[in-house]
Amino acid sequence: MKQWKYSVSSADAAPLAAPLLLLGTPEENLKTAARLGYDAIEIHTREDAQLDVNGIRSLSKELGVGISAIVTGRLNTEGHCDLIADEPYITKACVDGMKQYIDLAAALGTDIILGWARGKVPAGADRRRYMDRLAGNLKILDSYAGDRNVRILIEVINRYEINTFNTAEEIMSFLETHALPNCYAHLDTFHMGIDEENPLEAIRRCGMRLGYFHLADSTRKYPGSGQLDFTKLLETLEEVGYEGYLSVECLPYPDHIRAAEEALQFMKQTERSK
Ligand code: LER
Ligand code: MN
């Protein structure tokens, strides 16, 4: 039986509509994750957050709870930057901000997730021109990250949130076209449920290039609350040789801690019943 590594989403604060479960400082969230039995936390933060990196590293080691990734979405939602914009000062600020995230990830020995900060192609625009711009900026970040042993995990996100990389096919053909050896595909069961005709085939399409994985059930509540077949999901992840974290990113219902507890208990039970 394969032993999967489970992570849980965390941030200093978040609205109830966000799929974030542990709220507090990274130190508080590491302790909560340890108490709940998680192997790691995923940290949503700003690129310039003044974190006590040495303190976090030593607490993480002491508790045996890792940091699975640093999430970069706030550079877009709060900082209004992206890698595709027409304004060079915006894309430059985004590249600079992403470098700060990469430095933070390197100091914490982890990877970064790129989601909304890649940007959207404007309606009616020449898509190729924007995707080439994105590729150019990602090349800069890919080599910066590679020099620091950090991977860039590009999340496939549904079409209601963004219009770049809505499916595994889109991210994989982009990664196969452009030389971006430190960029990996990141799938999320919630987004796959919206845009993938066959989520298991989506995992197979990513194959060894799958670098990260978010778990939620069909309504984006905790795994085990809905209709997804997590047994088949784990079998397919094992089939493609995925060795990374399974990170619970679901809505905080019935409450933040109960969702985290229920998710982990259900996933462990699913593993055992295989
Ligand atoms: C982030 O991981 C994600 O999945 C987006 O939908 C933001 O919630
Ligand atoms: Mn996600």
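Report on the accompanying structure. (Residues numbered from 1 in each chain as written. Chains lettered and ligands numbered in written order. Predicted model: local features only at pLDDT ≥ 70, side-chain atom pairs only at ≥ 80, totals over all residues. Heavy atoms only, no water.)

**A closer look at the nonpolar core**
Okay, so step 1: If you look at the biggest cluster of nonpolar residues, it comprises 86 residues, and the most contacted ones within it are Tyr-38, Phe-213 and Leu-237.
Okay, so step 2: Once residues lying within four places of it in the same chain are set aside, the contact partners of Leu-237 are Trp-4, Ile-203, Leu-210, Phe-213, Tyr-242 and Leu-246. (Core = buried A, V, L, I, M, F, W, Y, C linked by side-chain atoms within 4.5 Å. Buried < 20%, exposed > 50% of the residue type's maximum accessible area, 1.4 Å probe, protein only. Contact = heavy atoms within 4.5 Å.)

**Points about the coordination of the manganese ion (ligand 2)**
Okay, so step 1: Looking at the manganese ion (ligand 2), the protein donor atoms are Glu-155 (OE), Asp-188 (OD), His-214 (ND1) and Glu-249 (OE), and they sit 2.1 to 2.2 Å from it.
Okay, so step 2: Of note is the manganese ion (ligand 2), whose 6 donor atoms meet at the metal with angles of 68 to 179 degrees in an arrangement that counts as octahedral.
Okay, so step 3: Note on Glu-249: relative accessible area 6%, which makes it buried. (Donors = N, O, S within 2.8 Å, 3.2 Å for Na, K, Ca; no water. Tetrahedral: all angles 85-135°; square planar, octahedral: opposite > 155°, others 65-115°.)

**Concerning the pattern of salt bridges**
Okay, so step 1: All told, the structure shown has 19 salt bridges when counted by the stated rule.
Okay, so step 2: Close ionic contact of Arg-129 with Asp-86 constitutes a salt bridge, the shortest N to O distance being 3.7 Å. On the criterion of sequence distance, the pair formed by Arg-129 in helix α5 (residues 127-147) and Asp-86 in the loop between α3 (74-77) and α4 (88-108) is long-range, its members being 43 residues apart.
Okay, so step 3: A residue is classified by how much of its surface remains accessible, and Arg-129, at 45% relative accessible area, is partly exposed.
Okay, so step 4: You can call Asp-86 partly exposed: its relative accessible area is 41%.
Okay, so step 5: Through salt bridges with shared partners, a single ionic network connects Asp-12, Arg-46, Glu-47, Arg-74 and Glu-78. (Salt bridge = Lys/Arg side-chain N within 4 Å of Asp/Glu carboxyl O. Helix = DSSP H or I, 4+ residues; strand = E, 2+ residues; numbered from the N terminus.)

**Here we look at the packing of aromatic side chains**
Between two aromatic rings, the relevant description is the distance of the centres plus the angle of the planes.
Okay, so step 1: Applying the stated criterion to the full structure yields 4 aromatic pairs.
Okay, so step 2: Considering the side-chain rings of Phe-165 and Phe-174, the 4.9 Å spacing of their centres and the 65 degrees angle between planes classify their relative orientation as edge-to-face. Each member of the pair, Phe-165 as well as Phe-174, carries the same accessibility label: buried.
Okay, so step 3: An aromatic cluster of at least three residues, connected via ring pairs, comprises Trp-4, Phe-213 and Tyr-242.
Okay, so step 4: It is Arg-151 that lies over the ring of Tyr-184; its NZ or CZ is 4.9 Å from the centre.
Okay, so step 5: One residue, Arg-209, lies across the ring of Tyr-184, its end atom 5.6 Å from the ring centre. (Phe/Tyr/Trp six-rings, centres within 6.5 Å; stacked < 30°, edge-to-face > 60°. Lys NZ or Arg CZ within 6 Å of the ring centre and 35° of its normal.)

**Brief notes about the environment of Tyr-144**
Okay, so step 1: You can see Tyr-144 is positioned in helix α5.
Okay, so step 2: Separated by 72 residues in the primary sequence, Tyr-144 and Thr-72 have C-alpha atoms spaced 16 Å apart.
Okay, so step 3: Sequence-distant contacts of Tyr-144, that is, excluding residues within four places in its chain, are made with Lys-99, Ile-102 and Asp-103.

**Here's the deal with unusual backbone geometry**
Okay, so step 1: Of note, the bond from Tyr-253 into Pro-254 is cis; its omega dihedral lies within 30 degrees of zero at 0 degrees.
Okay, so step 2: Take Pro-254: it is sitting in the loop between β9 (245-248) and α10 (256-272).

**Remarks on the site of ligand 1**
Okay, so step 1: Taken together, Pro-19, Trp-116, Glu-155, Glu-161, Asp-188, His-191, His-214, Arg-220 and Glu-249 make up the full set of residues adjacent to ligand 1.
Okay, so step 2: Here an oxygen atom of ligand 1 and a side-chain polar atom of Glu-161 are 2.9 Å apart.
Okay, so step 3: Between ligand 1 and the protein, one listed contact pairs an oxygen atom with a side-chain N or O atom of Glu-249 at 2.6 Å.
Okay, so step 4: Class assignment for the residues of the shell around ligand 1 results in 2 nonpolar, 2 polar and 5 charged. (Near = heavy atom within 4 Å. Polar contact = N/O pair within 3.5 Å; in protein donor to acceptor, adjacent residues only side chain to side chain. Nonpolar A, V, L, I, M, F, W, Y, C, P; charged D, E, K, R; others polar.)

All we've got here are geometric facts, nothing functional implied.
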